[in-house]
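Listed below are the residues making up each chain.
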Amino acid sequence: MNILSILDEIEKVDGEIYERINPRRKAMQDFFQIGKKISLAAMPLALGSLFTKAYGQTTPTAVNEVLNFALTLEYLEYHFYNHALVATPTLIPAGAPNGAITTIRNHEKAHVDLLKGALGNAARTELIYDNFDFTAGGTFGTVYLDYVTFLKVATAFEDTGVRAYKGQAPVLKGNAVLTTALQIHSVEARHASHLRQMLAANGATGLKPWISLGTGGVSNDTGIAAVDPVYARENTTLQAGVEITGINGTAVTKTAAAESFDEFLTKAEVVAIANLFLKPGFRL
Amino acid sequence: MENLKENHKTSPKETDILDARLQRRAFLQYTGAGAAVVALVAAGCKKDRSPSMSFGTTLDFKDDFGVLNYAYALEQLEAAFYIKVASNPPASFTAAQKNYFQDVQFHEIAHREFFKKVLGTAAIGSLEVDFSSINFTDGASVLAAAKTFEDLGVAAYNGAGVRLRTDAYLVAAGQIVSVEARHAAWVRDQISNGSFADLNSLTSLGANAAGGLDAALTPDKVLAAASVYIKTKINVINL
């Protein structure tokens, strides 16, 4: 992300952004000079503090709620992968598989840090590994013992993440935070695409990088009944009132129509899924 | 020209259209179509969506229709590319790669037609593409171009989302961009397994690896990057 272009974006939707950050334009220009020199590693923190400065206590409650909701999901994903890499080092095969999970874990950590920074004092209580039950009460009892089960849960998490972010987009409409959320959202989609390929290479023959129609037209294309809620309505072919199957006389099949759009999940649907993996006392 | 609108069923006939396009090109050269001429003609036939008259087009970002037309333009480009690949894939492609390029082709056609339908009479005309920089018989060249299109598509949607004011369009755009990101990840893995989300390689498109953030670019930057593939002059106003 280019912080200068982000600020440009904010200015387009919030013409007073510079005044909010600092009443004096000169000070803002100074920040730009620092911003150009700042190391990439420090960028998320700097960005977070900038947003805090800009909106501070006036950040709309609804926006903070969405960011905290996202933060919860990022904690879930981060701890899921991190535990596998740190505590069960033989679970994920060395080489490309371990490299991919490490890449994904690092992104989830970056998302946690970014969201925490953006929320500042409004950030939710930190979630640690012990707050989660990644077996979902025994449904995935071998999640940290069996590589394929691990990949199944990982795929479900990433597909959930993709759907959760887009469901909250209207709350962030026109807000610079939306751009950041979209940038996280598409990274989750890239993760999902790769995990589906990993799962396909480990027994789920034919599972595509994109969510397809399930057998017989059902919404869940993974064949894992326990994750049905993750794929609710993914067999939809109607978008903004437009039927995509055979649209404008094209040869777009029902399958292609379902694949070409990822559906969103409502907050309640995502909460229900997340709660399966949170221990009592930490549920949403 | 490659008037894809009139080839609803993708078939080998698509490639025949290229001959017509060459005639168009010759005509444009004959008229010495400079930017001024193109702009004048464009102004004169803005409402006329007859393909033979679409010498130039204008994206007016004053409202959601401008953003949707911007997406429509990019989806036209992507669809045209995948139709060409799917109809005659490089010999080096595996069966799985051929199948998935077919899939992606129909996803992009679905996106293109979705925007066309939503826009109705406000839709821009058909763009004339220029894929002369791509070697369609070479698997590596095709994959490299696909990567460019998909990563740029992700950057475009991520950068333009904040401009949308209508919930339904914002949600639709969000539902499309993640599919583009899935494409991008898959194509990248075909080139180099594990590069599905190599954000360091996407910094020129606005990604921030340290923040775990994907590409995001404003429309002017996206169109500048895409211009090598588009012959039609695109004017941008009210950005």
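Note that the structure is predicted; figures quoted are calculated from it, not measured.

**Q** It is not clear to me how the overall build of chain A should be interpreted in this structure. Could you clarify?
**A** Looking only at helices and strands, chain A features 10 helices and 2 strands. Sequence-ordered secondary structure for chain A, helices as α and strands as β, is α-α-α-α-α-α-α-α-β-β-α-α. When burial is assessed residue by residue, chain A has 46% of its 284 residues classed as buried. In chain A, once contacts between residues fewer than 6 apart in sequence are set aside, the share between residues at least 24 apart is 67%.

**Q** Please explain the overall build of chain B as it appears in this structure.
**A** Across its full length, chain B holds 7 helices and 2 strands. Put simply, chain B runs from its N terminus to its C terminus through helices and strands in the order α-α-β-α-α-α-α-α-β. For chain B, buried positions account for 51% of its 239 residues. The long-range share in chain B, meaning contacts at least 24 apart out of those at least 6 apart in sequence, stands at 69%.

**Q** What is the right way to read the interface of chain B and chain A from this model?
**A** It is common to report an interface's size as the accessible area lost on association of the parts. On the side of chain A, 60 residues touch chain B, which itself brings 52 residues to the contact. Listed by contribution, the elements that provide at least two residues to the side of chain B that touches chain A are α4 (95-119), α5 (139-160) and α6 (167-191) of chain B. Among the elements that take part in the side of chain B that touches chain A, α6(B) stands out by supplying 17 residues, more than any other. Residues that form the side of chain B that touches chain A fall into these classes: 25 nonpolar, 17 polar and 10 charged.

**Q** Explain helix α7 (residues 219-226) of chain B to me, please; I cannot follow it from the model alone.
**A** Residue and element names in this part refer to chain B. Taken together, the buried positions of α7 are Pro219, Val222, Leu223 and Ala226. All buried residues of α7 project into a common sector of 95 degrees when viewed along the axis, lining one side. Exposed and facing more than 90 degrees away from the buried side of α7 are Asp220 and Ala224. On its buried face, α7 sits against α3 (64-87), α5 and β2 (233-237).

**Q** For this particular structure, what's the right way to read the packing of α4(B) against α6(B)?
**A** Helix-helix packing is described using two parameters, namely the angle between the two axes and the distance between the axes. Residue and element names in this part refer to chain B. Closest axis-to-axis distance for the α4/α6 pair is 12 Å, and the angle between their directions is 155 degrees. Compared by their axis directions, α4 and α6 come out roughly antiparallel. Like other packed secondary-structure pairs, α4 and α6 cross with a definite hand, here left-handed. Across from Gln97, Tyr100, Val104, His107 and His111 in α4, the residues of α6 making contact are Ile176, Val179, His183, Trp186 and Gln190.

**Q** Would you mind showing me how to read the environment of B:Glu108 here?
**A** Residues and elements named next belong to chain B. Of note, Glu108 is situated in helix α4. Classification of Glu108 by C-beta neighbours within 10 Å gives buried; the count is 29. Sequence separation between Glu108 and Phe81 is 27 residues; the distance between their C-alpha atoms is 9.5 Å. Among residues more than four places away in sequence, those in contact with Glu108 are Glu75, Glu78, Ala79 and Tyr82.

**Q** Help me understand the domain arrangement of chain A, please; the structure alone is not making it clear to me.
**A** Residues and elements named next belong to chain A. In terms of domain boundaries, chain A breaks down into domain 1 (1-55), domain 2 (59-210 + 265-284) and domain 3 (219-261). A straight line from the C-alpha centre of domain 2 to that of domain 3 covers 23 Å. If you look at the interface, domain 2 gives 13 residues, while domain 3 gives 8 residues. Residue assignment for the side of domain 2 that touches domain 3 shows that the elements contributing at least two residues are α7 (147-168) and α10 (267-275).

**Q** I tried to follow α7(A) on my own but got confused; where do I start?
**A** Think of an α-helix as turning once every 3.6 residues; residues three or four places apart then point the same way. In this model α7(A) runs 32 Å from its N-terminal to its C-terminal C-alpha over 22 residues, within 8% of the 32 Å that 1.5 Å per residue would give. Burial runs high along α7(A): 19 of the 22 residues are buried.

**Q** Would you mind going over unusual backbone geometry with me for this structure?
**A** Negative phi characterises most residues that are not glycine, and trans characterises most peptide bonds. Residue and element names in this part refer to chain A. One non-glycine residue with positive phi stands out, namely Ala136, at about 50 degrees. With respect to the element layout, Ala136 can be found in the loop between α6 (96-119) and α7. Of note in this structure, Asn248 is not a glycine but carries a positive phi near 50 degrees. Turning to its location among the elements, Asn248 is positioned in the loop between β2 (242-243) and α9 (254-259).

**Q** It is not clear to me how the confidence of the model for chain A should be interpreted in this structure. Could you clarify?
**A** Where the model shows low pLDDT, its predicted coordinates should not be examined in detail. Residue and element names in this part refer to chain A. Chain-level pLDDT for chain A is 87 on average; 79% of the residues reach the 70-or-more range. The low-confidence segment residues 1-7, where pLDDT is below 50, has 19 contacts with residues more than four positions distant or belonging to other chains. Here residues 22-42 is modelled with pLDDT under 50, and outside its nearest four sequence neighbours on either side it reaches 13 contacts, counting other chains as well.

**Q** Would you mind showing me how to read the nonpolar core here?
**A** It is characteristic of soluble globular proteins that their nonpolar side chains tend to be buried jointly. Membership of the largest hydrophobic core comes to 140 residues, with the highest contact counts inside it found for A:Leu67, A:Ala70, B:Leu77, B:Ala110, B:Ala155 and B:Ala173. Take this core: its biggest share by element is 16 residues, from α3(B). A domain split of this core shows at least three residues from each of domain 2 (59-210 + 265-284) and domain 3 (219-261) of chain A. Those residues in contact with A:Leu67, other than ones at most four positions away along the chain, are A:Leu115, A:Ala118, A:Leu119 and A:Val177.

The rules behind each value
Residues numbered from 1 in each chain as written. Chains lettered and ligands numbered in written order. Predicted model: local features only at pLDDT ≥ 70, side-chain atom pairs only at ≥ 80, totals over all residues. Helix = DSSP H or I, 4+ residues; strand = E, 2+ residues; numbered from the N terminus. Buried ≥ 20, exposed ≤ 12 C-beta atoms within 10 Å, placed from the backbone. Contact = placed C-beta atoms within 7 Å. Nonpolar A, V, L, I, M, F, W, Y, C, P; charged D, E, K, R; others polar. Arc of directions from axis to C-beta. Axes fitted to C-alpha atoms, helices over the stretch in contact; angles between N-to-C directions. Parallel < 35°, antiparallel > 145°, perpendicular 65-115°, else oblique. Left-handed = near helix turned anticlockwise from the far one by under 90°. Domains from an automatic or database assignment. Expected span 1.5 Å × (residues − 1). pLDDT = per-residue confidence, 0-100. Core = buried A, V, L, I, M, F, W, Y, C linked by C-beta atoms within 7 Å.

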